[in-house]
Structures are given as C-alpha cells and as structure tokens.
Amino acid sequence: MSSGKTLGEVLRDQGVSRRGFLKFCTAMASMMALPPGSVAAVAAALEKARRPSVIWLSFQECTGCTESLTRSHTPTLEGLILGQVSLDYHHTLQAASGTAAEHARMQAMKENHGKYLVVVDGSLPLGNPGYSTIAGISNVEMLKETVEGAAAVIAVGSCAAFGGIPMAQPNPTGAVSVSQIVKDRPVVNVPGCPPIPVVITGVLAHFLTFGGLPELDELGRPLAFYGDTIHDRCYRRPFYDQGLFAESFDDEGARKGWCLFKVGCKGPVTHNACATTKWNDGTSFPIESGHGCLGCSEPNFWDAGSFYKPLSAPTGTINQVAAGAALGGVAAGAAVAWHNRKIRGEARAKHEPVTLDDLEKSS
Amino acid sequence: MNGGSMDFLLWVRGTGFNIAMVVLIVGVLVRLIEILALGRKADLAPRRSDGKGSGWRTIFTRSIPPPGMLKASPVTYIAGYIFHLGLFIVVFLFVPHILLIKDLLGISWPGLPSALVDAVTVITLITMVAVLANRLTDPVKRFLSGFEDYLVWALTALPLLTGYLAFNHLTPDYTFMLALHILSVQLLLVALPFTKLMHAITFVLARWYTGDIFGRKGVAS
Ligand code: SF4
Ligand code: SF4
C-alpha cells in the first residue's frame, strides 16, 4: 500500500545512494526532453514526492503491454514498483487473487481517494459486457467504478488508447477505447503495440516529479515521446531522401540499409519514440532489424491496409470496384449515346428546309 | 476514439479513393462513348494520297508551336510547356506515385530522386502562377476565361502545393497534409471527366481527327 513516506525516504531506506539517485534523475530528465539544468529541480521534486498508488486494470488485451513494462530498464520495474509507485493492484503481476485481489483494489481506492493513478491496458467491450469480465464485474463497470476517485487515467497500449486490435473491423465485441468512456478525468494515451516501456515509466515519473501530467498532443499522447514521427528520427532517412529503397526484405538495398518505404514502412505518419529510445535497453528497433514500421502507435492501424503496402497505395483492393465502375460506365455511356442519337433523329425529323420566302419574311 | 488526421488519411486511402476511382472511370467512359457514338457523316470525297498517317503524326506535331506563335504569346507557350512537362515528371516519376500505379495496375518503372522531383514541383508551381497572372492581366484571355478555367487551375495547383508542403514537412501535422494532398488529387480526378481537364485524354482523339481530316483534304500538317 502507498505509505506516507516521500520517495527520497523510501530510496534511502532501500540503500540507494545520492549518486545513484541523481543518475536516475538525469536519465529521466533526458527522457522527458528537459534541459540538462533541470536535473537538480527534478531531484528536489522527486526527493519530496510521495509515492502515488497505482491501480492497473487489464481488459481486452494480450498482456503484451505488461510484458513490455516488465522489460523496463530506466527505471527498472522493481524500482518502479517498490520505489516510486505503489502498484496496489495488477491482474497479472499481483500475487493475490479472487476476493483478496478485489479487496486490495477497493482498499487502495479508499485510502488514496482523489490521488491514485489508474493504468488501463486493453479495450472495453460494449457490445456484450460478457465478452470480458473480472470477478463477475464487466470491464466498463470496473473502469467507471475505479476512475471515480482517480487523479488521472493512463491508457497504456493501442487497445486502451484507441481500441487496438479488438476494435479492428468488424469489431465483434463492440470494443471502445478508455477515452470513449472516461470523460471527467484526465486521460493520457500511451499507445503502441506494445508501448515502449520507458514511455510508460516516463509518464509515471513525470507525474511523480511534477505532480501532474505531461503536455499532450491532440490524440492525448505525451508530446515528449510522441512529438516526432519515426521517419523524422529514422537513421534510414538519408536513403529515403536520395530515393534509395529496398525492393524486398533480402535484396542488395536491404542489406545496405536503404529505406523501407517500398516494402510498406508507415514511419512517415507514425508518432512514437522507437527511433530514439529503441527497444530492449536501447538495443535496436524494428526498422533497424530490417522491418518497416507498422504504425502501431496510431489509431486504427490494424485497418490501415496491408503492413507491406506502401503508404501511397490505397488501403483496399480496388479491382472489383474498378471492374464494376467500368461496366457501369459503358452502360451509362451507351444510354447517353442512345439519348443523343434520339435527339439528333428528332431534330432531323423536325427539320424544315428554309425557303426563299422565309428569308424574305424575316428580313 | 476520434483519430483525427489518421482517420482522415485512412478515409482518403480507402473509401475516398474508391469513390474517386468510380467517378473517374464512369465519367471518362461516358464522355468517350458519348463522343465516339456521335459519329460523323461518311466523307464521300476520295482521300488525297499524301494524307496517309496524318492523323497519327498530328498527335505529336501539334505539340510544337506553329511558326511565329512562340513570339506572339511567349508566356502561354513557354510556361505551358514547363508546367505540362513538370506535371508529367511529378505525377509519373516520383517514387511514391509509381508505387501507387504499381499497386493498381501492376506495372512500374524507375523513379527520380525525391529531391529532384521536389525541385520540379517548385518550378511547376511557379510557372502555374505565371500562367494565372497572364490570364488575369491579358485582357483577351481574361475576357475569355470563365469560372471553370479558374476552377481547373486551382484543382491542378492544389495537389502540387499540398504535396510540396507535405513532403517537406512544412506544416505541423504531416499526416493531415498527406491526407489533404491525396484528397486534392481525388478532387482533380473527380472533376476530370466533366471539365476541360478531360483534354488530358481527348487531346489524342481530337488531334488524330483534325490531322486525318486535313490529310484527306490534302493539307496535312
Ligand atoms: S525506413 Fe521508414 S521511417 Fe525510415 S526513412 Fe524509410 S520510410 Fe522513413
Ligand atoms: S517501429 Fe513503428 S510499428 Fe514498430 S514499435 Fe515502433 S511505432 Fe510500433
């Protein structure tokens, strides 16, 4: 449970040195794109910060987002759970189950009323609540009940942020995103399939440092991480500008590291931090391993046509539509032609030769 | 969740694209069949022998200004050439455009470096402005111009402008600009069969016909 101790006190209790603490603050400041001079201010703020209680709800999801979080490196998951936040309820990570687990949630809500953070992964089924329930409670009900006393809601992953794969056409469960349900609390979207772990922890860290939420874009995403597109920061960009493209995944161009636009990279319209923070503690990111960006942090990316179709191509297949249009065009053209001929025929039939008399009359 | 720009982009790449293609295909076919079905009366006079092939030749020879005309209206000709050529380069030699054609028709060809196409876009836009200025300042042209002429100009200039702004990331929201670019092209395609833009297709027929008639009459160009 969330204790009354400040973060500084907790860290000292755990034997974290001043030096280690400052190192952590520097990492966070750079992650949040703060100027280097602000490290001291971050340290001072964090020193005094109280650990917020976090309630993590998992709805229609694949656990990929939690998997991603457990690969967090700066700060580490252990540090995050033990040191900076009090993760009071998490379906996947908590030891308790059944009524004990639900009891933990209720208790955390009561003790930290108005101050706790709710993290949600997964979308919510509205079609039939029975598609996804926890302890007999429907997802929507649990969300509404839990956010009531929350300071803010963090929608982690593209399912929670935008509906994700459960909402992909034809959306069998009637899935919706968190922001479609929660209207009276601030909602931060941290999309990605999965989201980058340091982005999840970065948002939590921002809340701790500044006691509020980071600046968001029009889709509710923190600008510090989603301000740039993958393309803006892609190391293959010079090849894009020169017009050097890999034609397939294993051709000469691909081996030389040329741009992946032709094989379907959606980097130009995808806002995320992969190209800068990378994955697995900065090891690499999809484009570095030779695969184009799928656009996983953008709304409806599952319905955006094939992952391997270039961005400039239409999302669907137009052959049938075009064939239908051609048939319709020929039919309509024939009808128009027939109509024109009729008019011409009528005009000819009505035509009366002008006589000399007529000309004299009119002059 | 309202996806804003992304939803807009998905619409123009999906439904919007289909609508534009249907209108374009139906419109062009109707217009072509309408023109061809009208027919002409059989020419009973015997063809002059030197007129053979005149129709085919004229399709190309009419692309060269008649003697003296280049001097008489330099802006029309020079700017006209540059912007038609520029349009061709931008539309058919920019890699993302070639990929679109490849996706639709399965055929492709090598493209030009993006930076070069970018430069051509700027030149084309400048000449289009010159053409418009000329139309507005020349009293005869101005008198002869109607709403459709300005509409067609705008419909042609918009894709160039939005494409340029999008490609160079000159607006804060690239996704929105890209979607706007695709939409502007769709407006152009939708308007094509029903406006003077139809000349992009009928110029071949019209020139062939003129050349052939002239050939028959022994005055082949
Ligand atoms: S690989 Fe993708 S993100 Fe990178 S330059 Fe090419 S299109 Fe842009
Ligand atoms: S490269 Fe694109 S698809 Fe891959 S994780 Fe990053 S944003 Fe998602």
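The residue numbering used here restarts from 1 in each chain and proceeds along that chain's sequence as written. Starting at A for chains and at 1 for ligands, labels are handed out in the order in which the entities are written. Only residues with pLDDT of at least 70 get local features here, since the model is predicted, and only at 80 or more are side-chain atom pairs given and counted; chain-wide, interface and lining totals rely on the full set of residues. Note that the side-chain values use all heavy atoms of the structure and ignore hydrogens as well as water.

Some details on the site of ligand 1
Put simply, the rule is: We call a residue near a given molecule or strand whenever any one of its heavy atoms falls within 4 Å of it. Three classes are used: nonpolar for Ala, Val, Leu, Ile, Met, Phe, Trp, Tyr, Cys and Pro, charged for Asp, Glu, Lys and Arg, and polar for all others, with Gly counted as polar.
Around ligand 1 sit A:His231, A:Cys234, A:Arg236, A:Arg237, A:Tyr240, A:Cys259, A:Leu260, A:Phe261, A:Cys265, A:Gly267, A:Pro268 and A:Ile287, and those are all the residues in its vicinity. When the residues that make up the shell around ligand 1 are grouped by side-chain class, the tally is eight nonpolar, two polar and two charged.

With respect to the nonpolar core
Operational definition: Within this scheme, the nonpolar core is defined by two criteria: the residues are buried Ala, Val, Leu, Ile, Met, Phe, Trp, Tyr or Cys, and they are joined through side-chain atoms within 4.5 Å. Any residue under 20% of the maximum accessible area for its type is buried, any over 50% is exposed, and the rest in between are partly exposed; the area is computed with a 1.4 Å probe on protein chains only. Secondary structure is summarised from DSSP: a helix means a run of H or I of at least four residues, a strand means a run of E of at least two, and numbering begins at the N terminus for each. Only heavy atoms enter the contact rule, under which two residues are in contact if any of them lie within 4.5 Å.
Ranked by size, the top nonpolar core spans 51 residues in total, and within it A:Leu46, A:Ile154 and A:Val190 carry the most contacts. No other element matches the eight residues that helix H10 (residues 197–210) of chain A contributes to this core. Once you skip the residues sitting within four places of it in the chain, A:Val190 turns out to touch A:Ile154, A:Ala155, A:Val156, A:Gly157, A:Pro195, A:Val199, A:Ile200, A:Val203 and A:Tyr226. Core analysis: the next-biggest nonpolar cluster, separate from the first, contains 31 residues, A:Phe261, A:Ala304, B:Leu125 and B:Leu178 among them.

Things to note about the side chain of A:Ser53
All names here are of chain A. Applicable threshold: Whenever two N or O atoms come within 3.5 Å, that pair is a polar contact, provided that in protein one can donate a hydrogen and the other can accept it, and provided that, for residues adjacent in sequence, both atoms are side-chain atoms.
Mapped onto the secondary structure, Ser-53 falls in strand S1 (residues 53–58). Given the relative accessible area of 2%, Ser-53 is considered buried. At 3.4 Å, the side chain of Ser-53 and the side chain of Asn-112 are in polar contact.

Details of the interface of chain B and chain A
To be explicit about the condition: Buried area is a sum: the accessible area each of two parts loses on coming together, probed at 1.4 Å, counted once for each and added. Any carboxyl oxygen of Asp or Glu that lies within 4 Å of a side-chain nitrogen of Lys or Arg is treated as forming a salt bridge with it.
Each partner contributes residues to the interface: chain B has 38 residues there, and chain A has 51 residues. Counting each side, the surface lost to burial between chain B and chain A is near 3500 Å², with a carbon and sulfur contribution of 66%. Close ionic contact of B:Asp103 with A:Lys309 constitutes a salt bridge, the shortest N to O distance being 3.3 Å. The greatest single-element share of the side of chain B that touches chain A, amounting to twelve residues, is contributed by helix H2 (residues 15–38) of chain B.

Side note on the packing of helix H5 (residues 74–93) of chain B against helix H7 (residues 114–137) of chain B
Residue and element names in this part refer to chain B. What counts is decided by this rule: To define axes, lines are fitted to C-alpha atoms, for helices over the stretch in contact only, and angles between the resulting N-to-C directions are given on a 0 to 180 degree scale. Crossings are classed by handedness, with left-handed meaning an anticlockwise turn of the near helix from the far one by less than a right angle and right-handed meaning a clockwise turn.
In the contact formed by H5 and H7, the axes pass within 8 Å of each other and the chain directions differ by 145°. Seen along the crossing, H5 lies across H7 with a hand that is left-handed. The segment H5 lies against H7, with Val-75, Thr-76, Ala-79, Gly-80, Ile-82, Phe-83, Gly-86, Leu-87, Ile-89, Val-90 and Leu-93 engaging Val-117, Val-120, Thr-121, Ile-123, Thr-124, Thr-127, Met-128, Ala-130, Val-131 and Asn-134. Of the residues belonging to the contact of H5 with H7, the class tally is 14 nonpolar, seven polar and no charged.

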